[in-house]
Amino acid sequence: MAVKGIDVSKWQGDVDFEKVRGAGYRFVMINAGYGRYISQKDSCFEENYRRAKAAGLDVGAYWYSYAVSAHEAEQEAEVFLQAVKGKSFEYPLCYDIEDKSQRGLSKKVIGDMVDAFCDKLEKAGYYAAVYSYANFLTEKVPVKCRERYDVWVAAYGVEKPPYDMAYGMWQYTSSGRVRGVSGDCDCDRAYKDYPEIMREKGLNGIKRKK
């Protein structure tokens, strides 16, 4: 059975995560920032993380990419790791690859970027996933990457994503209305028991089950 969640960034402003949890949502994916410099860390990341945890929500994070090479993607991963240092996450750390600057890149370059970013996270002990909309995943991200890493797919206004491979999360709307969030909100469904995966494997700063 799918678990309901939302994703947030500084654009949602002041989120009341207690109300979000009260409305039946169980996890939140939080934007940690974008690009290759720590100065691009999301200004609400620390507060969103603290408040979501205090409300008893499970938490994951994502990093928006502007990279156009594997080297730049690796730099982004290094900054993402700085941003999340010392924190624990029950949900994946995701590479958000969708920017218009990347649409003209070859599938091989995109694959190299995904590998560079996600491998950096995995070597640091995190559960890495790739986020994008269904069409970009299918046309631009090599199959081997989509088999190797978990996928968080975006597709709106459909009964299921137009995506023919496995995915762990689905962002099904960007215009949801959720108690505790003012204005439009991205809403998600998770199909894996991510908190259990983290406990079983001892990933994302979560202690391994004994």
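Residues numbered from 1 in each chain as written. Predicted model: local features only at pLDDT ≥ 70, side-chain atom pairs only at ≥ 80, totals over all residues. Heavy atoms only, no water.

The name given to the protein chain in an unreviewed UniProt entry is Lyzozyme M1 (1,4-beta-N-acetylmuramidase), GH25 family, and the organism recorded there is Ruminococcus albus. Its UniProt record gives the protein chain a comment under Sequence similarities (unreviewed entry), which states: "Belongs to the glycosyl hydrolase 25 family." (UniProt positions renumbered as here; feature names shortened; annotations may be inferred.)

J.: Tell me about the overall build of the protein chain, residues and numbers included.
T.: Across its full length, the protein chain carries seven helices and eight strands. Overall, the protein chain is about 45 × 40 × 35 Å in size when its C-alpha atoms are taken along their principal axes. Looking at the 210 residues of the protein chain, the share that counts as buried comes to 52%. Considering only contacts within the protein chain whose residues lie at least 6 apart along the sequence, 62% involve residues at least 24 apart. Total accessible area on the protein chain stands at roughly 9,900 Å², and carbon and sulfur atoms take up 49% of it. (Helix = DSSP H or I, 4+ residues; strand = E, 2+ residues; numbered from the N terminus. Buried < 20%, exposed > 50% of the residue type's maximum accessible area, 1.4 Å probe, protein only. Contact = heavy atoms within 4.5 Å. Areas by Shrake-Rupley, 256 points an atom, 1.4 Å probe, with all protein chains shown as cover.)

J.: How would you sum up the sheet that holds strand 5 (residues 128–133)? Please name residues and give values.
T.: The sheet built from eight strands closes into a barrel, its strands ordered 1-2-3-4-5-6-7-8 with mixed pairing. The average undirected angle you get between the axes of adjacent strands in this sheet is 30°. Relative to strand 2 (residues 27–34), helix 2 (residues 45–54) is tilted by about 165°, and along the sheet it contacts strand 1 (3–8), strand 2 and strand 3 (58–64). (Pairing = 2+ DSSP bridges. Axes fitted to C-alpha atoms, helices over the stretch in contact; angles between N-to-C directions.)

J.: Give a detailed account of the packing of aromatic side chains, specifying residues and quantitative values.
T.: Tallied over the full model, the rule gives 16 aromatic pairs. With a centroid separation of 4.3 Å and an interplanar angle of 10°, the aromatic rings of Phe-27 and Tyr-91 are classed as stacked. You can see Phe-27 sitting in strand 2 and its partner Tyr-91 sitting in the loop between helix 3 (70–84) and strand 4 (93–96), a full 64 residues away along the chain. Each member of the pair, Phe-27 together with Tyr-91, is buried. The interplanar angle of 80° and the centroid separation of 5.8 Å between the aromatic rings of Tyr-167 and Tyr-191 together place this pair among those described as edge-to-face. (Phe/Tyr/Trp six-rings, centres within 6.5 Å; stacked < 30°, edge-to-face > 60°.)

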